[in-house]
Amino acid sequence: MPTATAAQPPRPFGTVLSAMVTPFRPDGSLDLAAAGSLAEHLVATGHDGLVVSGTTGESPTTTDEEKDALLRAVLDAVGDRATVVAGVGTNDTRHTVELARAAEKAGAHGLLVVTPYYNKPPQVAVLAHFETVADATGLPVMLYDIPARAGVPIETETLVRAAEHDRIVAVKDAKSDLYGTAQVLARTDLAYYSGEDALNLPLLTLGGSGVVSVVSHVAGREHAAMVAAVDAGDLVTARTVASRLLPAVRGIMTRTQGAVAVKAALELTGVLPGRTVRQPLLPATPAEVEAIRADLALAGLAAPAA
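Here we summarise the structure given alongside this text. This structure is a prediction, so every number in the text was calculated from the model and none was measured.

What counts, and where the lines are drawn
- Residues numbered from 1 in each chain as written.
- Predicted model: local features only at pLDDT ≥ 70, side-chain atom pairs only at ≥ 80, totals over all residues.
- Heavy atoms only, no water.
- Buried < 20%, exposed > 50% of the residue type's maximum accessible area, 1.4 Å probe, protein only.
- Helix = DSSP H or I, 4+ residues; strand = E, 2+ residues; numbered from the N terminus.
- Arc of directions from axis to C-beta.
- Contact = heavy atoms within 4.5 Å.
- Pairing = 2+ DSSP bridges.
- Right-handed = clockwise from strand over helix to strand, strands pointing away.
- Expected span 1.5 Å × (residues − 1).

**Overview of helix 7 (residues 178-187)**
- For helix 7, the complete set of buried residues consists of Gly-180, Thr-181, Val-184 and Leu-185. Buried residues in helix 7, looked at end-on, bunch into an arc of 140 degrees, giving them a common side. In helix 7, the exposed positions that point more than 90 degrees away from the buried face belong to Tyr-179 and Ala-186.
- Buried-residue contacts for helix 7 involve helix 6 (156-162), strand 6 (168-173), strand 7 (191-194) and helix 8 (200-205).

Now the structure itself:
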């Protein structure tokens, strides 16, 4: 795996990771062939890592068996050309451990573990949850800090303590607290990955390792160029790339729910054959699709005309 240099932060999972969607057939069944094709496309267009069965992968509505089949299909498709991280987080520690062990058995390269959601555990319990999961396998762990969904943040002191565990090596940061991020970066060796497309560039300039992006589904090369520019100290180029992508961030992250929007974008760009999602999500409406089409065009990621 990549290692840190004086000019480069630690990158245990790569630099540009897609929070990969899970393709479904029109009847709502899992489309493993489309998943493999999508994974290959992402690796061919700037990604050196994939996160499978994260929130954008609609993990709340896929079964454990489907998660296992999806992970294996993606691993078969990309081999050793990308780091494949399995999303295993739930709000039940025992279930999370079961998913982590299954992912290790399937061949995952790492684990994404979200803060337990809905039951709102206190920080001591959040830390115990992460440590229990990290103890359950030999895989490196990326914590997912997203209080808007989980209901509780991973507080700074909890992150500092979690970093003492040998296998907790990274954070997917979607907390919108750059000052807190800077504190953890200053006090630990954790690799930080931006989990908010709107804040990718600011987090990278603080010393972030890379991105776990939704927008990168349609702009992987651009994200790779932005990371490379920051590495080179060329903030003018990095800002230029980030500014160009702003309409795509608007289209995919604000027009409707992220998984819904990015599936519409992938359909518009011919990468996926359809935009089926599972309830309680619903596919993007025609009006939303047209807005996303216009946003992609403004970002220079023109979709075919209707």
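**Structural notes on the pairing of strand 4 (residues 110-114)**
- With 5 of 5 residues buried, strand 4 lies mostly within the body of the structure.
- Judged by which residues are buried, strand 4 turns out to be covered on both faces: Gly-110, Leu-112 and Val-114 on one side and Leu-111 and Val-113 on the other are all buried.
- Inspection of the sheet shows strand 3 (residues 83-87) paired to strand 4 by 3 bridges, in the parallel sense. Along strand 4, the bridge assignment pairs Ala-86 with Leu-111.
- Read as a crossover between parallel neighbours, the route from strand 3 over helix 3 (residues 93-106) to strand 4 is right-handed.
- For strand 4 and strand 5 (residues 141-145), the ladder comprises 4 bridges, and the chain directions are parallel. Its bridge partner lying in strand 5, Leu-112 is registered against Met-142.
- The handedness of the strand 4 to strand 5 crossover, carried by helix 4 (residues 123-136), is right-handed.

**Some details on the environment of Val-260**
- On the secondary structure map, Val-260 appears in helix 11 (residues 258-268).
- C-alpha separation for the pair Val-260 and Asp-145, spaced 115 residues apart in sequence, amounts to 22 Å.
- Those residues in contact with Val-260, other than ones at most four positions away along the chain, are Val-277, Leu-281, Leu-282, Pro-283 and Ala-284.

**Side note on helix 1 (residues 32-44)**
- For helix 1, which comprises 13 residues, the first-to-last C-alpha distance of 18 Å matches the rise-based estimate of 18 Å (1.5 Å per residue) to within 8%.
- When we look at burial in helix 1, the residues that qualify are Ala-34, Ala-35, Gly-36, Leu-38, Ala-39, Leu-42 and Val-43.
- Those residues of helix 1 that are buried lie in contact with strand 1 (16-19), strand 2 (49-52), helix 2 (64-78) and helix 11.
- Backbone geometry just downstream of helix 1 places Gly-46 in the positive-phi region, at approximately 105 degrees.

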